[in-house]
Amino acid sequence: MTPEELLQAFARTRASLDGTEVTFWWTGDVYSWAPGEPYQRLFGFEGLNVARLVQEEAPGAYQLLTREAAFYLDPVTREIQETWQDKPVVHVWNDPANQKWRPFPVPMTELGDQVCFSLEIPLAYPSPLPVAQYPDNSADDTYRALELFQFFAPASVLATDSPSVPATMSWTRMSPWLPWMERGLRPGGLTFHCRGRKLASYAEVPERTRAYIAARHPEFAQAPEKWTEPNETSWTYFRRLNPPADRPGA
């Protein structure tokens, strides 16, 4: 397959070529790691991404317009947590979480009657939370993380001309401690390990989660209508909630 054909196959798996909104939902857990300490399951994790694919004028080029919400859960009861060790939990409210796609050789593996698209995304860029301004919330002036995605689709359906195909996914993320955990310079970090699927509609999101979103940020039930930037992340969202000017000593 050419890069254009590969991207189109991936686009049908991740979203829908006809611009229909697509909701991916996932669930999993968050583990801690630190030198000399045992691995611990700190949180459950549940989230969703609502996306709309827009084809650009350039051949084979797309915009993926998305909002993304995710919630830290009690690891046993699986209820959404509002505090952790007497600290307020800051959930994920990323609006927008957009992407621009151009043809590239999307890694694809044939697995019998399934096809797997795998994306390995190492991140390293200036942290929105410099240590000098956020000594309790940040351990490095460079944000570093590793995002590992796998999207699985039936090979037989990809052979049709359907604009969208059923899909499941897995996601692993290695990241620093979350800012609201107030770990400062303590060595270590987190590993997120989740799995999920493309839903038939947003209505298939678990009722508890839909109610939580409706009560706080109902706009996350839909994808954005147009391209905006920059993207929101957990780190930029924390900065917006806690501006540098409000920090002690600023």
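Report on the accompanying structure. (Residues numbered from 1 in each chain as written. Predicted model: local features only at pLDDT ≥ 70, side-chain atom pairs only at ≥ 80, totals over all residues. Heavy atoms only, no water.)

Some points on the packing of aromatic side chains
Using the following cut-off: Between 30 and 60 degrees the pair is tilted, below 30 it is stacked and above 60 it is edge-to-face, where a pair is any two Phe, Tyr or Trp rings, Trp via its six-membered ring, whose centres lie within 6.5 Å. Secondary structure follows DSSP: runs of H or I at least 4 residues long count as helices, runs of E at least 2 residues long count as strands, and numbering of each begins at the N terminus. The cut-offs for exposure are 20% and 50% of the maximum accessible area for each residue type, with area from a 1.4 Å probe on protein chains only; residues under the lower value are buried, those over the upper are exposed, and the others partly exposed. As a reminder, the over-ring test applies to NZ of lysine and CZ of arginine, requiring each to be within 6 Å of the ring centre and within 35 degrees of the ring normal.
What the rule picks out here adds up to 23 aromatic pairs. Between Phe10 and Trp101, the ring centres sit 5.2 Å apart and the planes meet at 45°, which makes this aromatic pair tilted. With Phe10 in helix 1 (residues 3-14) and Trp101 in strand 7 (residues 99-101), this residue pair connects regions lying 91 residues apart in the sequence. Overall, Phe10 belongs to the buried group, its relative accessible area being 4%. Aromatic pair Phe45 and Phe192: ring centres 5.1 Å apart, planes at 75°, arrangement edge-to-face. Of this pair, Phe45 sits in strand 2 (residues 40-55) while Phe192 sits in strand 12 (residues 189-198), and the two are 147 residues apart along the sequence. Judged by relative accessible area, Phe45 falls into the buried class, the value being 3%. Classification of Phe192 as buried rests on a relative accessible area of 0%. The aromatic ring of Trp227 is capped on one face by Lys100, whose charged end is 4.9 Å from the ring centroid.

Regarding the layout of surface pockets
As a reminder, the rule being used: Each cavity reported here is a set of points on a 1 Å grid over the protein atoms alone in which a 1.4 Å probe fits but cannot get out, each pocket an open set with protein on both sides within 12 Å along at least five of seven lines, and each lining residue one with an atom within 4 Å of a point. Grid points are joined across faces, edges and corners, and a volume is the space filled by probe spheres set on the points.
Its boundaries defined by the atoms lining it, the largest pocket holds a volume of some 1,000 Å³. If you go around the largest pocket, you meet 36 residues; those closest to its centre are Glu68, Ala97, Gln99, Glu147 and Phe149. Counting residues per element, the lining of the largest pocket draws most heavily on strand 3 (residues 62-73), which supplies five residues. Looking at the second largest pocket, it is lined by 21 residues, and the ones nearest its centre are Ala139, Asp140, Pro176, Trp177 and Gly188. Among the secondary structure elements, those contributing two or more residues to the lining of the second largest pocket are strand 10 (142-154) and strand 11 (168-175).

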